[in-house]
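Observations on the three-dimensional arrangement
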Amino acid sequence: MPKKGNPHADRPNRRGKMNQYVPVKLHIQGRNLKNMDLMSLSDPICIVFEKAQETDEWFEVGRTEQLKDTLNPDFEKSIDLDFFFEKNQELKFEFIDDDGGDSEDPYYDMIGGCTLTLSQIMASKG
């Protein structure tokens, strides 16, 4: 089960210097998502995880708002991350169809997801 929080410790890198970083806002969209509902369209949310390099554990770093009845979401809520120049920051994006429930017993269907690095995102156009 992924943990919530920041996977980066406030400690020096291997050269004894504090890690250099740039704050980043990720704006997430989905296109042509699979419909998971029978009587309407999916109600997607995107959950973003980051892998801690030291422990290989996944930490939830943010999630978007739920959008109703769409397979092409343009989420308004951005995800705030720090881009560390000397780290390989692996991210996992999971799109879920929220079907209700609560924080103790959530009910959702997995739509899909992907794993990539923050440096891949930073180097891409657009």
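Residues numbered from 1 in each chain as written. Predicted model: local features only at pLDDT ≥ 70, side-chain atom pairs only at ≥ 80, totals over all residues. Heavy atoms only, no water.

What follows is about the packing of aromatic side chains. Each aromatic ring pair is described using two quantities: the centre-to-centre distance and the angle formed by the ring planes. Under the criterion given, the structure shown has three aromatic pairs. Between Tyr21 and Phe84 the ring centres are 5.2 Å apart and the planes differ by 45°, which places this aromatic pair in the tilted class. Of the two residues, Tyr21 sits in strand E2 (residues 21-26) while Phe84 sits in strand E5 (residues 79-84), which places them 63 residues apart along the sequence. A relative accessible area of 8% means that Phe84 is categorised as buried. Lying across the ring of Phe84, Lys87 places its NZ or CZ 5.0 Å from the centre. Taking the ring centre of Phe49 as reference, the NZ or CZ of Lys92 above it sits at 5.3 Å. (Phe/Tyr/Trp six-rings, centres within 6.5 Å; stacked < 30°, edge-to-face > 60°. Helix = DSSP H or I, 4+ residues; strand = E, 2+ residues; numbered from the N terminus. Buried < 20%, exposed > 50% of the residue type's maximum accessible area, 1.4 Å probe, protein only. Lys NZ or Arg CZ within 6 Å of the ring centre and 35° of its normal.)

Mapped onto the fold, Gln20 is located in the loop between strand E1 (3-4) and E2. Under the relative-accessibility criterion, Gln20 is labelled exposed at 56%. A sequence separation of 64 residues divides Gln20 from Phe84, and the C-alpha atoms of the two residues are 5.9 Å apart. With sequence-adjacent residues up to four places away left out, Gln20 is seen in contact with Phe83, Phe84 and Phe85. (Contact = heavy atoms within 4.5 Å.)

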